[in-house]
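Chain by chain, the residues run as shown.
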Amino acid sequence: MKVTKLIILALAVLLIGGTAVATNSLNKSEALDKEEEEQPKFFSITGTIENLEERDGVFYYSINEGQDETSYLVVSSNTAVFENTGNVSELEVGDKISAYTYANKPMPLIYPPQYSPEVVIVDTDLMGSAAVGTFNDELVDETLSLKLNVSEETELSSLTGKDVGVEDLAGQDLLVFYSITTKSIPAQTTPERIIVLDGEES
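Everything numeric in this text was worked out from a predicted model, so none of it was measured.

### Some points on the pattern of salt bridges
For the structure shown, the criterion picks out four salt bridges. Between Lys 41 and Asp 173 there is a salt bridge, with its nearest N and O atoms 3.1 Å apart. Residue Lys 41 is found in the loop between helix H1 (2–38) and strand E1 (42–55), and its partner Asp 173 is found in strand E11 (residues 173–178); the two are separated by 132 residues along the sequence. Here Glu 155 and Arg 193 are joined by a salt bridge, their closest N and O atoms 3.6 Å apart. Pair noted here: Glu 155 is in strand E10 (residues 155–158) and Arg 193 is in strand E13 (residues 193–196), with a separation of 38 residues, a long-range link. By relative accessible area, which is 41% here, Glu 155 ends up partly exposed.

### A closer look at the sheet that holds E1
With respect to topology, seven strands assemble into an open sheet ordered E4-E7-E5-E1-E2-E3-E6, the strand pairing being mixed. Each of the sheet's edge strands pairs with one partner strand only, and the pair in question is strand E4 (80–83) and strand E6 (114–115). Strand direction decides the pairing type here: E1 and strand E2 (residues 58–66), joined by seven bridges, are antiparallel. Directly across from Glu 54, in E2, lies its bridge partner Phe 59.

### Comments concerning the sheet that holds E10
By way of backbone hydrogen bonds, the strands of a sheet pair with one another, either parallel or antiparallel. The four strands are arranged E8-E11-E13-E10 in an open sheet whose pairing can be described as mixed. What marks the edges here is a single partner per strand, and that holds for strand E8 (129–134) and E10. On average, each strand axis in the sheet is tilted by 15 degrees relative to the strand beside it, whichever way the strands run. Where E8 meets E11, six bridges bridge the pair, whose relative direction is antiparallel. Counted as the bridge partner of Ala 130 is Phe 177 from E11.

### Focus on the pairing of strand E7 (residues 119–123)
Counting buried positions along E7 gives four out of five residues, so the element sits mostly inside the fold. Relative to E7, E4 is paired through four bridges, and the arrangement is parallel. Bridge assignment links Val 81 to a residue of E7, and that residue is Val 120.

### Here we look at unusual backbone geometry
Backbone torsion omega between Tyr 111 and Pro 112 reads 0 degrees, so that peptide bond is classified as cis. Mapped onto the secondary structure, Pro 112 falls in the loop between strand E5 (96–102) and E6. A positive phi angle, close to 60 degrees, is found at Leu 139, a residue other than glycine. Among the structural elements, Leu 139 can be located in the loop between E8 and strand E9 (146–148). Even without being glycine, Leu 144 reaches a positive phi, approximately 55 degrees. Looking at the element boundaries, Leu 144 is found in the loop between E8 and E9. By relative accessible area, Leu 144 is classed as exposed at 55%.

Conventions used here
Counting from 1, residues in each chain are numbered in the order their sequence is written. With pLDDT at 70 or above as the cut-off, local features in this predicted model cover only qualifying residues; side-chain atom pairs require 80 or more to be listed or tallied, and sums for whole chains, interfaces and linings still use all residues. The basis for every side-chain value is the complete set of non-hydrogen atoms in the structure, without hydrogens or water. We define a salt bridge as a contact between a side-chain nitrogen of Lys or Arg and a carboxyl oxygen of Asp or Glu at a distance within 4 Å. Helix and strand assignments follow DSSP, with helices taken as H or I runs no shorter than four residues and strands as E runs no shorter than two, numbered in order from the N terminus. Burial classes: relative accessible area under 20% of the type maximum marks a residue as buried, over 50% as exposed, and values in between as partly exposed (1.4 Å probe, protein chains only). Any two strands with at least two DSSP bridges between them are considered paired. Structural elements are reduced to axes, namely lines fitted to C-alpha atoms, with helices fitted over the stretch in contact, and the angle between N-to-C directions of any two is expressed from 0 to 180 degrees.

Structure, rendered in structure tokens:
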């Protein structure tokens, strides 16, 4: 009788332990899935252009990111370059810039690191801000920090020159130019210009 009770007790302990392990593994899996979902599609490099080299029609800009950190931007004719006001621009030594590239884009394993950005924004003294990200069906970006309220005055376009309507913006990678936001969470803005980043992701 005692042996039977001991066997039942041992089975119960194993069953509870197995359930706890399975639950713990499930929780870890859910946390990893959530972390992957929240991973932004783009990351940015911010700094000042210190030097420029040209090699076979490709421009290499050395960027001082502060605290003795340096990286290189590899800029070609396919790279979109704008001022923070939305005007097309060219890069020059001394410019303060923010460069945006796809987070999953392969990078050469060299130091200093080299990035091939999709978009580079030149910061000027004029009023204006730029945001790059993927916006959902409600036109809220993936970090839940900015919501777009598109008006009739908002200029809509795409990198490839395709016609774009408001209905084409949901779920897309967008370059947004705006001036004023609300203090809500997420902040809301009526952009002056939106560009769909429909170039080939490399």
